[in-house]
Amino acid sequence: MANDVLTFTDRGIYCAAGDFFIDPWRPVDRALITHGHADHARPGHRRYLCTDACAPVMQHRLGDISVETVKFGEFRRIGDASVSFHPAGHLPGSAQIRVEVAGEVWVVSGDYKVVPDGLSETFEPVRCHSFITECTFGLPVFKWADQGDVALQLNDWWAANAAAGRCSILGAYSLGKAQRLMRMLNPDVGPILTHGAVEATNAVLRGQGYALPDTVQVTPDLDTKDYPGALVIAPPSAVGSKWAHRFGTSSTGFASGWMQLRGVRRRRAADRGFVVSDHADWPGLMHAIESTGAEKIYATHGYTDIFARWLNSQGYNAKVVPTEFGGNDDEVDAA
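Residues numbered from 1 in each chain as written. Predicted model: local features only at pLDDT ≥ 70, side-chain atom pairs only at ≥ 80, totals over all residues. Heavy atoms only, no water.

### Observations regarding the overall build of the protein chain
Then comes step 1: Helix and strand counts for the protein chain come out as nine helices and 19 strands.
Then comes step 2: Against the 2.2 N^0.38 benchmark of 20 Å for 335 residues, the protein chain shows a C-alpha radius of gyration of 20 Å, consistent with a compact globule.
Then comes step 3: For the protein chain, the spread of C-alpha atoms along the three principal axes comes to 65 × 45 × 30 Å.
Then comes step 4: Looking at the protein chain residue by residue over its 335 residues, the buried ones come to 55%. (Helix = DSSP H or I, 4+ residues; strand = E, 2+ residues; numbered from the N terminus. Rg over C-alpha atoms; globule rule 2.2 N^0.38 Å. Buried < 20%, exposed > 50% of the residue type's maximum accessible area, 1.4 Å probe, protein only.)

### A look at the pairing of strand β10 (residues 104–108)
Then comes step 1: Here β10 lies mainly inside the structure; four of its five residues are buried.
Then comes step 2: Bridge count between strand β9 (residues 95–101) and β10: five bridges; the pairing is antiparallel. Within the sheet, the bridge partner assigned to Val-99 lies in β10 and is Trp-106.
Then comes step 3: Hairpin connection from β9 to β10: two residues lie between these consecutive antiparallel strands, with Ala-102 at a positive phi of about 50°. (Pairing = 2+ DSSP bridges.)

### A few points about the packing of aromatic side chains
Then comes step 1: Going through the model one piece at a time under the given rule, you end up with 17 aromatic pairs.
Then comes step 2: The interplanar angle of 40° and the centroid separation of 4.6 Å between the aromatic rings of Tyr-14 and Phe-21 together place this pair among those described as tilted. For the pair formed by Tyr-14 and Phe-21, the shared burial category is buried.
Then comes step 3: Aromatic side chains Trp-282 and Phe-307 sit 5.9 Å apart centroid to centroid with 85° between the ring planes, which places their arrangement in the edge-to-face category. Highlighted residues: Trp-282 in helix α7 (residues 282–292) and Phe-307 in helix α8 (residues 304–313), separated in sequence by 25 residues. The same class applies to Trp-282 and to Phe-307, which are both buried.
Then comes step 4: Through successive ring pairs, a cluster of aromatic residues spans Phe-137, Phe-142, Trp-144, Trp-258 and Tyr-303. (Phe/Tyr/Trp six-rings, centres within 6.5 Å; stacked < 30°, edge-to-face > 60°.)

### Some words on the pattern of salt bridges
Then comes step 1: One pass over the structure, following the stated rule, counts 12 salt bridges.
Then comes step 2: Linking Lys-71 and Asp-52 is a salt bridge whose minimum nitrogen-to-oxygen distance equals 3.2 Å. Here the residue Lys-71 occupies a position in the loop between β6 (67–70) and β7 (76–78), and Asp-52 occupies one in the loop between β5 (47–51) and α1 (55–62), the gap between them amounting to 19 residues.
Then comes step 3: Taking the relative accessible area as the measure of exposure, Asp-52 reaches 31% and is therefore partly exposed. (Salt bridge = Lys/Arg side-chain N within 4 Å of Asp/Glu carboxyl O.)

### Re the side chain of Gln-179
Then comes step 1: Mapped onto the secondary structure, Gln-179 falls in helix α3 (residues 177–184).
Then comes step 2: Take Gln-179: its relative accessible area is 0%, and that puts it in the buried class.
Then comes step 3: Each residue touching Gln-179, except ones within four places of it in the same chain, is listed here: Leu-119, Ser-174, Val-198, Thr-201, Asn-202, Leu-205 and Leu-212. (Contact = heavy atoms within 4.5 Å.)

### Some remarks on empty space enclosed by the protein
Then comes step 1: Throughout the structure, instances matching the rule amount to one cavity of 30 Å³ or more.
Then comes step 2: In this structure, the largest cavity occupies an estimated 40 Å³ of space.
Then comes step 3: Every residue lining the largest cavity is listed: Ile-13, Asp-23, Val-108, Ser-109, Gly-110, Ile-132, Thr-133, Glu-134, Thr-300, His-301 and Phe-325.
Then comes step 4: Put simply, the parts of the chain that give the lining of the largest cavity at least two residues each are β11 (130–135) and β18 (296–302).
Then comes step 5: No other element matches the three residues that β11 contributes to the lining of the largest cavity.
Then comes step 6: Class assignment of the residues belonging to the lining of the largest cavity gives a composition of four nonpolar, five polar and two charged. (1 Å grid on protein atoms, 1.4 Å probe; cavity = no way out; pocket = protein on both sides within 12 Å on 5 of 7 lines; lining within 4 Å. Points joined across faces, edges and corners; volume = space filled by probe spheres on them. Nonpolar A, V, L, I, M, F, W, Y, C, P; charged D, E, K, R; others polar.)

### Side note on the side chain of Lys-113
Then comes step 1: Take Lys-113: it is sitting in the loop between β10 and β11.
Then comes step 2: Within polar-contact distance, the side chain of Lys-113 engages the backbone oxygen of Gly-89 at 2.5 Å.
Then comes step 3: Looking at Lys-113, its side chain comes within polar contact range of the main-chain oxygen of His-90, at 3.4 Å.
Then comes step 4: Here Lys-113 is in contact with Ala-88, Gly-89, His-90, Ser-120, Phe-123, Arg-180, Ser-277, Asp-278, His-279 and Ala-280, once residues within four sequence places are set aside. (Polar contact = N/O pair within 3.5 Å; in protein donor to acceptor, adjacent residues only side chain to side chain.)

### Topic: the confidence of the model for the protein chain
Then comes step 1: Averaged over every residue, the pLDDT of the protein chain is 94; the share at 70 or more is 96%.
Then comes step 2: Every residue in residues 328–332 is under pLDDT 50, and counting partners more than four places away or in other chains gives eight contacts. (pLDDT = per-residue confidence, 0-100.)

### Looking at the pairing of strand β8 (residues 81–87)
Then comes step 1: Burial analysis of β8 places seven of its seven residues in the buried class, the great majority of the element.
Then comes step 2: Pairing geometry for β7 and β8, over three bridges, is antiparallel. What sits directly across from Ile-78, in β8, is Ala-81.
Then comes step 3: With antiparallel pairing between neighbouring strands as the criterion, β7 and β8 make up a hairpin whose turn holds two residues, including Gly-79 at a positive phi of roughly 60°.

### Examining the environment of Arg-246
Then comes step 1: If you trace the backbone, Arg-246 turns up in the loop between α5 (242–245) and β16 (250–255).
Then comes step 2: In sequence terms Arg-246 and Lys-296 are 50 residues apart; their C-alpha atoms lie 53 Å from each other.
Then comes step 3: Excluding anything up to four places from it in sequence, Arg-246 contacts Val-218, Thr-219, Pro-220, Leu-222 and Thr-224.
Then comes step 4: At 3.0 Å, the side chain of Arg-246 forms a polar contact with the backbone oxygen of Thr-219.

Here it is, written out as structure tokens:
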């Protein structure tokens, strides 16, 4: 283990050759960050390194931090390690991090999905000897439907509500999922309203050149009667709250990979659940791992034990490694 390019510590994934951590969960001197979700980009590090596409939203969320950026595919020498960032397809600016030391290549996937979503930079397989992969949806039951079909379901639900005089309230994580859903909506159905947390993220991404449809932020003085047939996108915690009561008669929906499980839909007490995930499904995970050519696979956050056992049965050398990713309700909703 001492000669491994990366090791797993109580602060995060560590590279001794470059003296840096990847997505550490406790404060460190130098942190390389895959993407801006709160379980991967945490406050308190002295120096940050991420893609130039990730930095604006990370600074928006973390405030005044010391951040250096690289472009996708650009190589950077750090100590005795060579590092580069490659698209993960999870959300705008998200990356896998490739680390090479003395000819040995490891890749940390962060979170990823392999199917293009029309917004995020498309996943790019990276050849390596060892691959650290998430397995949030690492069971064969998880297989995503065609997203064009899901978009039709989403817009039909919205249109039916509008025709019946109901407001549509859609719960979605404010970074990544909300913007992806906006790209799936048909603006001809009606106006799109947004919670402040969602709109603040929209502003950052629009400033970077990401194309999003027109939206209207819900403010205290907004008169909902001026927006008949609206669809409102809000963080899941806001759906069903006092904030949402202002919209009167409404129908609620949630968008997440977890909506494929009936029990989750029931617990959410939503009128509709839409299976839209920013993580790879089972076939996507298998495709990603095969594409790397890696023999050693390290499974993190998700159905790790089952996933690793399956990989070992297929001839891989797979292990489960402990991390502190995906550890709160908001990040579950982000799935």
